Structure formats: C-alpha cells, structure tokens
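Here are the chains, one letter per residue:
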Amino acid sequence: MSLDTPLSWAPDLEKAIDRHPLTVPPTTSLAEAIALIGQAHSHLCVLTDDLSYLAPPTEEVRASCLLVVQGQELLGILTERDVVRLTAQGINLTETTIADVMVHPLIALPQQSVQDIFAALFLFRRYRIRHLPIVDDQGHLIGVISHESIRQILRPANLLRFRRVSDVMTTQVVQASLTATVLQLAQLMTEHRVSCVVITQRDSEDNDCPVGIVTERDIVQFQAVQIDLHKTKAQMVMSTPLFLLSPEDSLWTAHQEMQKRRVGRLVVSWNWGQGLGIVTQTSLLRVFDPMEMYGVIENLQQTIQQLESERSSPSYPSAPHDSLPPQSSSTDSLLQRTTPSHNEIAGDRKFLFTLIDNAYKNVKYMLANLGISVEQRRSLLQSVLWTIEQLNREISS
C-alpha cells in the first residue's frame, strides 16, 4: 500500500460538501420528513486502499439529516438523533409538522469562512454537532457537511495505522436484552445520548455476550416503514451476527471494516465478551486533532525503541549476503538498512529522535496558537505528516 503524501488526507473542505441535501418546507409533517430521510441516498467518494486519487462514487451513503427551508431561507434541521428523541417521547408523527420539532437556530458556516477541513472539525467538536450547513452571504443554503461526508474523503492511512482501537473507543456501552422493544431502545439512546444499543444474551457462564446491535439509523427506518415500536422486539430487528474488533486492532483496520461492511460503528470486545466498547466514524476523526497527534508520535517512538533493542541484540538475524541492498548516498539509504552496526544504530537513533522532537514541537505550537493562519497550520501539519512517513518507513524496513 502506498503511503499518504503530506496532507493528501486533508483535501479542500469544498469536496466534503453535499450540495444536494434533503430539504423540505416547514409545513411538512414529521411522518413525511422521516420517510424522506429513510429513503434518500447521497453519493460520496470513498476511501480506497490506493491513496493516490479519490475513488469514483461506488458506495451509497444514506442521508442522515433533513434541512428545513422556506423560499431561500434556512430555518432549521432534523437529524437521525432528533428522530430517535421524538420517537422516545411518543410524538404523533402525522399531526406534528417539522417546524414544531426542528432544531433552530442553526450552527452554520458562512461560505467565505470555508477555509479547510480543520475549521469544520473545530465547529463539530465545539458545538457537539454532526452536521454543518454551509450558507452564502445572504444566509441561503449552499450545502451541508457531516462527520460521514468528511470521513469519506479523508485519506488517513498513516495516522490510523499507528493508533489502536483502545485509544479512541468508548467503554460506556448501553446494552439491552433480546426482549427489549424498539421503543425501549429509542428511549435508552435518548437517555444516554448514544447512537446505538448493543443487544446482549446470557451465556452458560452467566456473562452478557454481545449478539446484535440497533442504531439510530435503524430507528429511523423502523419509523419510516411504520412498524409497531411497542411490540417489536430487539431480537427481530437487530443487526446480527456482530463483527467484533479487538482493542489491539489498529484504527486503520477499524476503518477498513466499516467500509467493507458499510456501517458507521463497530463493537469492540475482549475478555470473552466481558469487556465491551464502541468505535464510531466520529472516533476516527479524533486522530486529526493536534492533541491526538501526540499519541501517534508517542506510539511511533515506543515502536522504534523496541525495534532498536531487537536489532542491537546478538540474536538479531543477519540478512544473506546476496540480499543486501546496494549502497546509496541518499537519505533513503538510512531507512533501508537491515543489518545496522552499533554506530549506524546510534546515528539512526539521533536522526529519528530529532524528527520526533521536531514533530512534538510543531504539534505543541499548534495547540498553543489556535489563531494561526490556515497556511501556517498546513505547513506545520505537513511537517508532522512528513515525520510520520519517515518513521513509518523505518518501522517497515
């Protein structure tokens, strides 16, 4: 697999904007609005193993919000989480209009403020939202970006490879039994402000083992097809069997499994099901926070120290004479050696830890100076990503 080129995982924010979002007038009934969310799909680019280009739109991503407009004025928003909350409250869907329940006023991003992807990530984090409408100078809707649309265009292979699932997963997992009703599941999601409930079943040793999952998106679908939420049990509608991640899996593995299975979250299990966690698309975006980059660099530093220890031990295997790479005067020759001498290890160590130290300084500067320009931030991030690429080559050599 090819490595990320610096900042290739952070394209222009414009490319993450869905310019054809679902829109309805304020007089639309809530039942009609939910049906639209349940039926609509939008095409987005997907992250492939080949990071040299954006793949064509081969995957459908179900719309997860609906914007309320009157004429050209943007009034409010309704998301999947809002639908779950309203479901838990027992709102009459046919007698309620979307104007009665929409979220307003909105957090929106003016078009002239669209600079790069980090501006959007900051607003998501600050206001704890997952959808961000983009408006022009007159407040007219241009489009919307979401956690999902951003993740679809990011190319984060190097950063994700060096973080583990345990670094970002949540262990506050809401659970329910097979006999819980869909209404009860919606109430649990609302009470705990989560996007899914893991369905568990007792095994022969009296442990609750994960057997299925029900998500916000599922609740929207159940409302759209008008199933009886009071009578329908979790065991009838849950997604099963579960694919389970290990806490030791890399975030790159988690990302690939999400893409493969077309899901937005995966259950993490350890100790024979006694430990449970959840990793989501939102979790993956955390690695692009400068603070999270500390963790990436620390993991690389520990790995390099371990490799150096192994290479300097007497039992470290030597490469056959005919397999030695040709000598080169370029910097790459430093990263291609397979049987380094003591002096070479010392030189490598000094070079590599100088890289790590510089990366730490750049990340620390970004955290301490949040008001720096986009150009400065891009330059610093490019330096950090270059460091990660060099360290990745050393670990892989």
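These notes cover the structure that comes with them. (Residues numbered from 1 in each chain as written. Predicted model: local features only at pLDDT ≥ 70, side-chain atom pairs only at ≥ 80, totals over all residues. Heavy atoms only, no water.)

Burial in helix H8 (residues 182–192) covers these residues: Val-182, Leu-183, Leu-185, Ala-186 and Met-189. For H8, the angular spread of buried residues about the axis comes to 160°, placing them on one side. Tucked into the core, H8 has its buried residues touching helix H2 (80–89), strand E9 (175–177), strand E10 (196–202), strand E11 (208–215), helix H9 (216–224) and helix H10 (234–237). Arg-193 sits one or two residues past H8 and shows a positive phi near 55°. (Buried < 20%, exposed > 50% of the residue type's maximum accessible area, 1.4 Å probe, protein only. Helix = DSSP H or I, 4+ residues; strand = E, 2+ residues; numbered from the N terminus. Arc of directions from axis to C-beta. Contact = heavy atoms within 4.5 Å.)

Moving on, we come to the sheet that holds strand E5 (residues 73–79). Read from one edge of the open sheet, three strands run E1-E4-E5, paired in mixed fashion. In the strand order of this sheet, the two ends are held by strand E1 (23–24) and E5, each with one partner. In this structure, E1 lies alongside strand E4 (residues 65–70), joined through two bridges in parallel fashion. Residue pairing for E4: Thr-23 is matched across the bridge by Leu-67. Of the strands in this sheet, E1, E4 and E5 are in contact with helix H1 (residues 30–39), which crosses E4 at around 130°. (Pairing = 2+ DSSP bridges. Axes fitted to C-alpha atoms, helices over the stretch in contact; angles between N-to-C directions.)

Here the focus is the side chain of Glu-257. Along the chain, Glu-257 turns up in helix H11 (residues 251–261). Given a relative accessible area of 14%, Glu-257 falls into the buried group. A polar contact is formed between the side chain of Glu-257 and the side chain of Arg-261, at a distance of 2.8 Å. Residues in contact with Glu-257, not counting those within four places in the same chain, are Phe-243 and Leu-266. (Polar contact = N/O pair within 3.5 Å; in protein donor to acceptor, adjacent residues only side chain to side chain.)

Burial analysis of E5 places five of its seven residues in the buried class, the great majority of the element. For E4 and E5, the ladder comprises six bridges, and the chain directions are antiparallel. By the bridge assignment, Cys-65 is partnered in E5 with Thr-79.

Most of E11 is tucked away: seven of the eight residues are buried. Across seven bridges, E10 lies against E11 in antiparallel orientation. When the bridges of E11 are listed, Ile-199 appears paired with Gly-212. Taking the residues that link successive antiparallel strands as the turn, the E10-E11 hairpin has five residues, and the phi of Asp-206 there is positive, at about 65°.

Moving on to H11. Buried within H11 we find Leu-251, Trp-252, Ala-254, His-255, Glu-257, Met-258 and Gln-259. Phi for Arg-262, located one or two positions after H11, is positive at around 55°.

Spatially, three strands are ordered E12-E13-E14 in an open sheet, and the strand pairing comes out mixed. Either end of the sheet is taken by a strand with one partner, and the two such strands are strand E12 (244–245) and strand E14 (275–280). Relative to strand E13 (residues 265–270), E12 runs parallel, the two being bridged by two bridges. Bridge assignment links Leu-245 to a residue of E13, and that residue is Val-268. Docked against the sheet, H11 engages E12, E13 and E14, running at close to 130° with respect to E13.

The omega torsion across His-104 and Pro-105 is -5°, close enough to zero to call that bond cis. Relative to the helices and strands, Pro-105 is located in the loop between helix H3 (98–101) and strand E6 (109–110). Residue Thr-240 is joined to Pro-241 through a cis peptide bond whose omega torsion reads 0°. Tracing the sequence through the fold places Pro-241 in the loop between H10 and E12. Positioned with a positive phi, Asp-206 is a non-glycine residue whose angle comes to about 65°. Examined against the element boundaries, Asp-206 turns out to sit in the loop between E10 and E11. One non-glycine residue, Arg-262, lies in the positive phi region at around 55°.

Attention now moves to the packing of H1 against H9. As a packed pair, H1 and H9 sit with axes 8 Å apart at the nearest point and diverge in direction by 120°. When the axis of H1 is compared with that of H9, the two are oblique. Here H1 runs over H9; the crossing is left-handed. Note on element contacts: H9 touches H1 through Val-220, Gln-221, Gln-223 and Ala-224, opposite Ile-34, Ala-35, Ile-37 and Gly-38. Tallied by class, residues from the contact of H1 with H9 come to five nonpolar, three polar and no charged. (Parallel < 35°, antiparallel > 145°, perpendicular 65-115°, else oblique. Left-handed = near helix turned anticlockwise from the far one by under 90°. Nonpolar A, V, L, I, M, F, W, Y, C, P; charged D, E, K, R; others polar.)

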